[in-house]
Amino acid sequence: MNRYAGDPHWIEARHPGNCRSCGGPFARGERVFYWPRQRAVSCGVCGEVEARRFSAEAADEELLGGSHGR
């Protein structure tokens, strides 16, 4: 699968914060799913779901030859 600069990806949180999806807190150093275009972060639990969804959608686009905003 191709990877683009604006694609969300896993990072280690540099600062504590709250998940964009559930609003729950995460601590500095925790593994979080980062959305660079929105500058938003999802906690590990929500990030797992979002990462799977993003990967599936990206694979579908690649297979079908689309690029819907990526």
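Parameters at a glance
Residues numbered from 1 in each chain as written. Predicted model: local features only at pLDDT ≥ 70, side-chain atom pairs only at ≥ 80, totals over all residues. Heavy atoms only, no water. Helix = DSSP H or I, 4+ residues; strand = E, 2+ residues; numbered from the N terminus. Expected span 1.5 Å × (residues − 1). Buried < 20%, exposed > 50% of the residue type's maximum accessible area, 1.4 Å probe, protein only. Arc of directions from axis to C-beta. Contact = heavy atoms within 4.5 Å. Salt bridge = Lys/Arg side-chain N within 4 Å of Asp/Glu carboxyl O. Disulfide = S-S within 2.5 Å.

Undergrad: Even after reading the chapter, I still don't get helix α1 (residues 44-64), so can you show me in this structure?
TA: Note on helix geometry: an α-helix contains 3.6 residues per turn, so any two residues three or four positions apart are oriented the same way. If you check α1, its first and last C-alpha atoms are 30 Å apart, about what 21 residues at 1.5 Å a residue would give, namely 30 Å. Taken together, the buried positions of α1 are occupied by C46, G47, E50, A51, F54, A58 and E61. Buried residues in α1, looked at end-on, bunch into an arc of 125°, giving them a common side. Exposed residues on α1 whose side chains face more than 90 degrees from its buried face are V45, R52, L63 and L64. Considering only its buried residues, α1 is in contact with β1 (9-12), β4 (31-35) and β5 (40-42). Looking one or two residues beyond α1, the residue adopting positive phi is G65, at roughly 80°.

Undergrad: I would appreciate a short explanation of the pattern of salt bridges in the present structure.
TA: Once their charged atoms are close, side chains differing in charge can pair, the charge on each being opposite to the other. Applying the stated rule across the entire model yields three salt bridges. The shortest N-O distance in the salt bridge between R20 and E50 comes to 3.9 Å. Taken together, the residues span a long stretch of sequence, with R20 in the loop between β2 (17-18) and β3 (25-26) and E50 in helix α1 at a distance of 30 residues. Since its relative accessible area comes to 42%, R20 is described here as partly exposed. A salt bridge links E48 to R52; its shortest N-O distance comes to 3.8 Å. Placement of the pair is E48 and R52 together in helix α1, with a separation of four residues, close to one helical turn. In this structure E48 comes out as partly exposed when scored by relative accessible area, which is 33%. With a relative accessible area of 53%, R52 lands in the exposed category. Each of R31, E48 and R52 takes part in one network of salt bridges that share partners.

Undergrad: I'm lost on the state of the cysteines in this one. Help?
TA: Working definition of a disulfide: a covalent bond connecting the sulfur atoms of two cysteines. Under the counting rule described, the total for this entry stands at zero disulfides. Here C19 stays free of any disulfide, with the sulfur of C46 as its closest cysteine sulfur at 3.7 Å. By relative accessible area, C19 is classed as buried at 5%. The structure places no disulfide on C46, whose sulfur is separated from the nearest cysteine sulfur, that of C43, by 3.7 Å. Here C46 falls in the buried class, since its relative accessible area comes to 16%.

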